[in-house]
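# Geometric and topological summary
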Amino acid sequence: AQKITQTQPGMFVQEKEAVTLDCTYDTSDQSYGLFWYKQPSSGEMIFLIYQGSYDEQNATEGRYSLNFQKARKSANLVISASQLGDSAMYFCAMREGNFFSSGSARQLTFGSGTQLTVLP
Amino acid sequence: EAQVTQNPRYLITVTGKKLTVTCSQNMNHEYMSWYRQDPGLGLRQIYYSMNVEVTDKGDVPEGYKVSRKEKRNFPLILESPSPNQTSLYFCASSFGAGNTEAFFGQGTRLTVV
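First, a word on what this report is: a plain description of the structure on this page. Because the structure is predicted, anything quoted here is derived from the model rather than measured. (Residues numbered from 1 in each chain as written. Chains lettered and ligands numbered in written order. Predicted model: local features only at pLDDT ≥ 70, side-chain atom pairs only at ≥ 80, totals over all residues. Heavy atoms only, no water.)

### Here's the deal with the sheet that holds strand 3 (residues 19-25) of chain B
Counted only if it meets this: Pairing between two strands requires that DSSP report at least two bridges joining them. For helices the rule is a DSSP run of H or I covering at least 4 residues; for strands it is a run of E covering at least 2, with both sets numbered from the N terminus onward.
Spatial strand order, 1-3-8-7 (chain B): four strands in an open sheet with antiparallel pairing. Each of the sheet's edge strands pairs with one partner strand only, and the pair in question is strand 1 (4-7) and strand 7 (65-66) of chain B.

### A short note on the state of the cysteines
All names here are of chain B. The line we're drawing: In what follows, a disulfide is any cysteine sulfur pair within 2.5 Å. Per-residue accessibility, obtained with a 1.4 Å probe over protein chains only, is compared with the maximum for each type, and a residue is labelled buried under 20%, exposed over 50%, and partly exposed between these values.
If you walk through the whole model with that rule in mind, you get two disulfides over all chains. Residue C23 pairs covalently with C91 via a disulfide, S to S 1.8 Å. Classification of the bridge connecting C23 and C91 rests on its S-S torsion, roughly -70 degrees, and on that basis the disulfide is left-handed. Here the residue C23 occupies a position in strand 3, and C91 occupies one in strand 9 (residues 87-94), the gap between them amounting to 68 residues. Across this residue pair, the class does not change: C23 and C91 are buried.

### A word on the pattern of salt bridges
Going by this rule: A side-chain nitrogen of Lys or Arg and a carboxyl oxygen of Asp or Glu constitute a salt bridge if their distance falls within 4 Å.
With the rule as written, the count across this model stands at six salt bridges over all chains. For K73(A), the salt bridge identified is with D26(A), shortest N-O distance 3.9 Å. Of the two residues, K73(A) sits in the loop between strand 8 (64-69) and strand 9 (74-79) while D26(A) sits in the loop between strand 4 (24-25) and strand 5 (32-39), which places them 47 residues apart along the sequence. Judged by relative accessible area, K73(A) falls into the partly exposed class, the value being 28%. Residue D26(A) is classed as partly exposed on the basis of its relative accessible area, which comes to 37%. The partner of K65(B) in a salt bridge is E79(B), with the nearest N and O atoms 2.9 Å apart. Linking K65(B) in strand 7 with E79(B) in the loop between strand 8 (76-78) and strand 9, this pair joins segments that are 14 residues apart in sequence. Looking at K65(B), the relative accessible area reads 41%, which means it is partly exposed. Residue E79(B) is classed as partly exposed on the basis of its relative accessible area of 36%.

### A look at the nonpolar core
Selection criterion: Each nonpolar core is a collection of buried residues, namely Ala, Val, Leu, Ile, Met, Phe, Trp, Tyr and Cys, held together in the definition by side-chain atoms within 4.5 Å. Residue contacts follow a heavy-atom distance rule, with two residues in contact if any of their heavy atoms lie within 4.5 Å.
Among the nonpolar cores identified, the biggest contains 25 residues, and L21(A), Y25(A), W36(A), I49(A), L77(A), Y90(A) and L116(A) are the most heavily contacted of them. Among the secondary structure elements, those contributing two or more residues to this core are strand 2 (10-14), strand 3 (19-21), strand 5, strand 6 (46-52), strand 8, strand 9, strand 10 (88-96) and strand 12 (114-119) of chain A. Not counting chain neighbours up to four residues away, the residues in contact with L21(A) comprise Q8(A), M11(A), W36(A), N76(A), L77(A), Y90(A), T114(A) and L116(A). Formed by 19 residues, the second largest nonpolar core is a distinct cluster that contains C23(B), I46(B), L78(B) and V112(B).

### Considering a nonpolar patch on the surface
What counts, and what does not: Surface patches are defined over residues having more than 30% relative accessible area and no salt bridge, joining like charges when they lie within 9 Å and nonpolar side chains (Val, Leu, Ile, Met, Phe, Trp, Tyr) when within 5 Å. Where accessible areas are quoted, they stem from the Shrake-Rupley method and a 1.4 Å probe; at the residue level, only the protein chains shown are allowed to cover.
Together, I12(B), V14(B) and V113(B) make up a nonpolar patch on the protein surface, roughly 300 Å² of accessible area in all. Tracing the backbone through its elements, the reader meets V14(B) in the loop between strand 2 (10-13) and strand 3.

### As for the side chain of K38(A)
All names here are of chain A. Defined as follows: A residue counts as positive if it is Lys or Arg and as negative if it is Asp or Glu; His and the chain ends are not included. Residues adjacent in sequence count toward polar contacts only when both atoms are side-chain atoms; beyond that, a polar contact is any pair of N or O atoms within 3.5 Å, and within protein one must be able to donate a hydrogen and the other to accept it.
As for its position among the elements, K38 is in strand 5. Buried within the structure, K38 lacks any salt-bridge partner; its nearest side chain of opposite charge belongs to D86, at an N-O separation of 4.2 Å. A polar contact of 2.9 Å, which involves the side chain of K38, links it to the backbone oxygen of G85. Leave out the neighbours within four places in its chain, and K38 touches E44, M45, I46, L48, Y64, G85, D86, A88, M89 and Y90.

### Digging into the packing of aromatic side chains
Inclusion rule: The pairing test for Phe, Tyr and Trp rings, Trp by its six-membered ring, is centres within 6.5 Å, and the orientation test on the planes gives stacked under 30 degrees, edge-to-face over 60, and tilted for anything in between. The criterion is that NZ of a Lys, or CZ of an Arg, lies within 6 Å of the ring centre and within 35 degrees of the ring normal, and then a charge sits over that ring.
This model, assessed by the stated rule, comprises 15 aromatic pairs over all chains. Seen from their ring centres, Y37(A) and F47(A) are 5.8 Å apart, and the 65 degrees between their planes marks the pair as edge-to-face. Highlighted residues: Y37(A) in strand 5 and F47(A) in strand 6, separated in sequence by ten residues. Classification of F47(A) as partly exposed rests on a relative accessible area of 24%. Taking 6.3 Å as the distance between ring centres and 85 degrees as the angle between the ring planes, the aromatic pair formed by F91(A) and F110(A) counts as edge-to-face. Placement of F91(A) in strand 10 and of F110(A) in strand 11 (residues 108-110) is noted, with a sequence separation of 19 residues between them. The buried category is assigned to F110(A), whose relative accessible area is 5%. Site record: aromatic cluster; members linked through ring pairs are F35(A), Y37(A), F47(A), Y50(A), F91(A), F110(A), Y35(B), F90(B) and F104(B). Sitting over the face of the ring of Y64(A), R63(A) holds its NZ or CZ atom 5.7 Å from the ring centroid.

And the structure:
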């Protein structure tokens, strides 16, 4: 079964508008972390934001926020005031377990990604 | 500057010719891993290492080898590359704790003909 599901292969948004990229996850662990990465056309992976499973508040980093709904097992990325430079592939990822977990539990499991295009 | 360095960035090779992709990090991270990225599949882990001389298979290890003789280096070895190993490869390192981000190398685009 897919551990991370991103159902939107492609998204378009008008410049300066907000956009939500969907991510649902599947785990039976109580302790886990959720990550979002951005991959521009140049190919590098850029860390955006992190949400821990025990965090009460939704994570925010500048124009990025993570809409964390634990009961629904969703961790959607919200980008406010989109900019042309936000056009990229976005990946949701999960790391199950914690600091004391075995090595295999520390790996990041990625979704298939969402290609976001910001229109001028 | 904290970074993960992969080399080469681009590589075209022929089937069966052994190759090594190097990865080095300067953050004293214990945990390092290799991923491959294929369209529609996201990133999938090939191998990981929790520390020097400690390595283990990820989700797609077939056809790959790794070694971790020093903490900073984690090379990926393809003993006999095949066309289905044509992919974009990433090395990543992290402190290993649950909430620490993984730092990624720039990626290596490998084509096997």
